[in-house]
Amino acid sequence: MSNVLKVSLQTTIYSLADRGWSQRRIASELGINRETVRRYLRLAKPTISITGSEEGADRKPAISITGKQAGATESKPAISISGVGAGRRSRCERLVEVIAGKLEAGLSARRIYQDLVDQNDFRDSYQSVQRFVRKLKATQPQRVWRMEARPGEEVQVDFGLGAPIDDGASRSRRSWVFRMVLSYSRKAYSEAVLRQDTETFLRCLENGLRAFGGVRSYLIWTT
């Protein structure tokens, strides 16, 4: 005949099952056979209160729902209801404002870690900063910087790879496209060239400014 489980252990089985735990997980957590768990769950629940004591009985169970043993004033839970133990707090938490400020300034996790070591006497690993930065990015949306300029004050310049150009000799040549855009009106000037060097860039820049009628106060190189 199989052994009969203690009332407190039966109570724990019923409680975990009500919380949605599987039979396999309950058996693994309590260190008993899965068939034993299945057998008790098939049986009708006895008249047991939420504290795990039988009706009319004064004694407390050896294991309660909270995982504290009877008579103990303070102890660690024997069973974690969530199934995940509480980990140690990150040392980055005390520097959250510093890290958030550096992250807002556009610094990488590696640069933030170096600054914390040099400026804040940080003694934890780079991986801890990397994880903390990842959490901050997940909770704080990335800031969108709005660019404001007065009419004719600012121009943006880009010089990148363009589409191949057919030179008529049964082959195509690589091209480069110079593009200049006024920040306020978004009016643009574009020029396709076959070389991307300093001389060609300066010539395209002069052509663009001449097309817009003069030099601007600010020139921004976009990448």
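Coordinates for the structure precede this section.
No experiment lies behind these values; they were computed from the predicted model shown. (Residues numbered from 1 in each chain as written. Predicted model: local features only at pLDDT ≥ 70, side-chain atom pairs only at ≥ 80, totals over all residues. Heavy atoms only, no water.)

## A few points about the side chain of Ser 183
Here is step 1: The residue Ser 183 is located in the loop between strand S4 (176-182) and strand S5 (188-193) in this model.
Here is step 2: Looking at Ser 183, the relative accessible area reads 14%, which means it is buried.
Here is step 3: Looking at Ser 183, its side chain comes within polar contact range of the side chain of Glu 154, at 2.7 Å.
Here is step 4: Residues within four places of Ser 183 in sequence aside, it is in contact with Ala 149, Glu 154, Val 155 and Gln 156. (Helix = DSSP H or I, 4+ residues; strand = E, 2+ residues; numbered from the N terminus. Buried < 20%, exposed > 50% of the residue type's maximum accessible area, 1.4 Å probe, protein only. Polar contact = N/O pair within 3.5 Å; in protein donor to acceptor, adjacent residues only side chain to side chain. Contact = heavy atoms within 4.5 Å.)

## Looking at helix H2 (residues 23-30)
Here is step 1: For H2, the complete set of buried residues consists of Ile 26, Ala 27 and Leu 30. An end-on view of H2 places all buried positions within 95° of arc, on one side of the element. Turned more than 90 degrees away from the buried face of H2, the exposed residues are Arg 24 and Ser 28.
Here is step 2: Lining the buried residues of H2 we find helix H1 (7-18) and helix H3 (34-42).
Here is step 3: Following H2 by one or two positions, Gly 31 adopts a phi angle in the positive range, close to 75°. (Arc of directions from axis to C-beta.)

## Observations regarding the pairing of strand S1 (residues 154-161)
Here is step 1: Judged from the four bridges that link them, S1 and strand S6 (residues 218-221) form a sheet pairing that is parallel. Following the sheet pairing, Glu 154 is matched in S6 by Tyr 218.
Here is step 2: In this sheet, S4 lies alongside S1 in antiparallel orientation, the contact comprising seven bridges. Residue pairing across strands places Phe 159 opposite Phe 178, the latter belonging to S4. (Pairing = 2+ DSSP bridges.)

## Here's the deal with the sheet that holds S4
Here is step 1: Strands sit in the order S5-S4-S1-S6 across an open sheet of four strands; the sheet is mixed. Of all strands in the sheet, those with a lone pairing partner are S5 and S6, marking the two edges. Each adjacent strand pair in this sheet contributes to an overall mean axis angle of 20°, direction not counted.
Here is step 2: Across the sheet, helix H7 (residues 198-212) lies against S1, S4, S5 and S6, angled at about 150° from S5, the strand it touches most. (Axes fitted to C-alpha atoms, helices over the stretch in contact; angles between N-to-C directions.)

## Considerations on the pattern of salt bridges
Pairing between side chains of opposite charge can happen when the charged atoms of each approach one another.
Here is step 1: Within the structure shown, the criterion is met by six salt bridges.
Here is step 2: Its salt-bridge partner being Arg 123, residue Asp 121 comes within 2.5 Å of it at the nearest N-O pair.
Here is step 3: By relative accessible area, Asp 121 is classed as partly exposed at 48%.
Here is step 4: Among the residues examined, Arg 123 registers a relative accessible area of 59% and is labelled exposed.
Here is step 5: A single network of salt bridges, built from pairs that share partners, joins Lys 102, Arg 111 and Asp 115. (Salt bridge = Lys/Arg side-chain N within 4 Å of Asp/Glu carboxyl O.)

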